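An overview of the molecular structure
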Amino acid sequence: MRQKKSGVQFGEEQNSSDSKSPHFKIKIPSDYNEHMLFSDHSKPPHLMNPQPNNHHRRTHHKSLVCCSSSEALLATKSVALKVLKLRHVKLFWIKTPSRVVILLCLPSIYFFSLNHHESLYIYLLFLTSFCIVLLSVLNLPSIRLFVSRNLPILKLSDGSNTRTPVVWSIGSKNRFEESTISGLLVKVYSNGDVYEGEFYKGRCSGSGVYYYNMNGKYEGDWVDQKYDGYGVETWAKGSRYRGQYRQGLRHGFGVYRFYIGDMYAGEWIKGQCHGYGVHTCEDGSKYFGEFKGGVKHGLGHYHFRNGDMYAGEYFADKMHGFGVYNFANGHRYEGGWHEGKRQGFGLYTFRNGDPQSGHWEEGVLSTNPRYPVSVSHAKVLKAVEEARRIAEKAIATTGVDDKVNRAVAAANRAANAARVAAVKAVQRRVHHHYDDDDPTLVIV
């Protein structure tokens, strides 16, 4: 008969029903319940003084924690060893960080299953929800790529052990060599576009011609795969631009001729008419002045096809502000404008010299005067003076003809150089036509 000892002991005991399944047995002293099961308000009289037993209670509590932790670690170790021995899992093919994460999750699962059965269900529900959200956020190709990189030993479910390698382009070596090749080359794109000209480290740089598939072409300077410098761009419908480029967009001075017959010559910023320029329409009308975002905005003067002429302020492609409008029949208006109509104080003079002044609304002179005659006359004179000053300033805007002409001349020279480079690239390709490892043709 064993003698009882104080404290907590670990040991193994053979079970009569199954002698092969060891389990842990915890032995607790006989006075443990007497000391621990009573609260402070329900202790018996002979235990009301807790001072002598504080150390003993702390020892028992610490021993129980150690028991639970040790049991969890031992069980986790056994579970981990059994899992790692499974042949069809092959966890050691997984990278080290992934194995560490898997092993760290085992103690928490065992702890919840041992002491908190209800919390285990909540934990598993949360883990399942998290996995569903993660799978919905990540796309399937990314998941397949991750699995293929981290689990290369796994095979497809269809039982095929060998698969033919995927060839992404005609000659995978060309794609590899594309980052290093330089010189005169011919490059064919998958959408049908073709580039003939100079390359530097696999990118279009220098002079070259780019043919759009059934749409047009660009001839000129290239920097790092983009239009940059001077060039000529032609479209299939008949539109054409000659001038400066920057980072693939029209930027600087240039001339754009529309296929309908209109033409703009002037400044460009980020692909749009911006600054001073001249817009000539097919019907004969012409505008000289400022542009912003592709429309007339600022000071300028417009010559209409019927002979009328306006000089003054523009806002969002409409006469807005102060300006002077001279009619072809000899009439004249000086004053304020609002969205293309006479608005505010102004003076209208007929060709016979008769004046008509006052406050205008929606292009019509107001018959109900709001101001006294003296006040109205003073405001009309002030508006007329401002309109004349703005008109003179609009007519005297700095011309851009000289800068545009220089840009067009430079664009023509760049286009000629690009054509020469394209011809040399094609000739080099024809010369090496029978060479299998010919680097002069790149297909992407």
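The following refers to the structure shown. Everything numeric in this text was worked out from a predicted model, so none of it was measured.

**Digging into the overall build of the protein chain**
Assigned secondary structure in the protein chain consists of eight helices and 20 strands. Across the 444 residues of the protein chain, 30% fall into the buried class. Once local pairs closer than 6 in sequence are excluded, the contacts in the protein chain between residues at least 24 apart make up 24%. Per element, the accessible surface of the protein chain, about 29600 Å² overall, is 58% carbon and sulfur.

**Things to note about the environment of Ser182**
Within the secondary structure, Ser182 is located in the loop between helix H6 (172-177) and strand E3 (183-188). Along the backbone, Ser182 and Arg203 are 21 residues apart, and their C-alpha atoms lie at a distance of 8.1 Å. Residues within four places of Ser182 in sequence aside, it is in contact with Phe199, Tyr200 and Lys201. A polar side-chain atom of Ser182 sits 2.8 Å from the main-chain amide nitrogen of Lys201.

**Details of helix H8 (residues 401-431)**
Helix length check: H8 (31 residues) gives 45 Å between terminal C-alpha atoms against 45 Å at 1.5 Å per residue, within 8%. Of the positions making up H8, those classed as buried are Val404, Ala407, Val408, Ala410, Ala411, Ala414, Ala415, Ala418, Ala421, Ala422 and Ala425.

**Looking at the pairing of strand E13 (residues 295-303)**
With six bridges connecting them, strand E12 (residues 286-292) and E13 associate as antiparallel partners. When the bridges of E13 are listed, Phe288 appears paired with His301. Both E13 and strand E14 (residues 309-315) contribute to a ladder of six bridges, which runs antiparallel. Across the sheet, His303 pairs through a bridge with Met309, a residue of E14.

**Considerations on the pairing of strand E11 (residues 272-280)**
Sheet topology places strand E10 (residues 263-269) next to E11; six bridges connect them, and they run antiparallel. Bridged to Gly266 within E11 is Gly277. Taking the residues between adjacent antiparallel strands as the criterion, E10 and E11 are bridged by two residues, where Lys270 takes a positive phi near 55 degrees. Sheet topology note: the E11/E12 ladder contains six bridges and is antiparallel. What sits directly across from Gly277, in E12, is Gly289.

**A few points about the side chain of Glu233**
Relative to the elements of secondary structure, Glu233 occurs in strand E7 (residues 226-235). A distance of 2.8 Å separates polar atoms of two side chains, one belonging to Glu233 and the other to Tyr245. Ignoring anything within four residues of it in the chain, the contact list for Glu233 reads Tyr212, Lys217, Tyr218, Tyr227, Ser239, Arg240, Tyr241, Tyr245 and Arg250.

**Quick notes on the pattern of salt bridges**
Applying the stated criterion to the full structure yields nine salt bridges. For Asp224, the salt bridge goes to Arg203, with nearest N and O atoms at 2.5 Å. With Asp224 in the loop between strand E6 (216-223) and E7 and Arg203 in strand E5 (residues 203-212), this residue pair connects regions lying 21 residues apart in the sequence. Arg203 sits in the partly exposed class, given a relative accessible area of 39%. Here Glu362 and Lys341 are joined by a salt bridge, their closest N and O atoms 3.5 Å apart.

Cut-off values and rules
- Residues numbered from 1 in each chain as written.
- Predicted model: local features only at pLDDT ≥ 70, side-chain atom pairs only at ≥ 80, totals over all residues.
- Heavy atoms only, no water.
- Helix = DSSP H or I, 4+ residues; strand = E, 2+ residues; numbered from the N terminus.
- Buried < 20%, exposed > 50% of the residue type's maximum accessible area, 1.4 Å probe, protein only.
- Contact = heavy atoms within 4.5 Å.
- Areas by Shrake-Rupley, 256 points an atom, 1.4 Å probe, with all protein chains shown as cover.
- Polar contact = N/O pair within 3.5 Å; in protein donor to acceptor, adjacent residues only side chain to side chain.
- Expected span 1.5 Å × (residues − 1).
- Pairing = 2+ DSSP bridges.
- Salt bridge = Lys/Arg side-chain N within 4 Å of Asp/Glu carboxyl O.

Geometry only, nothing functional implied.
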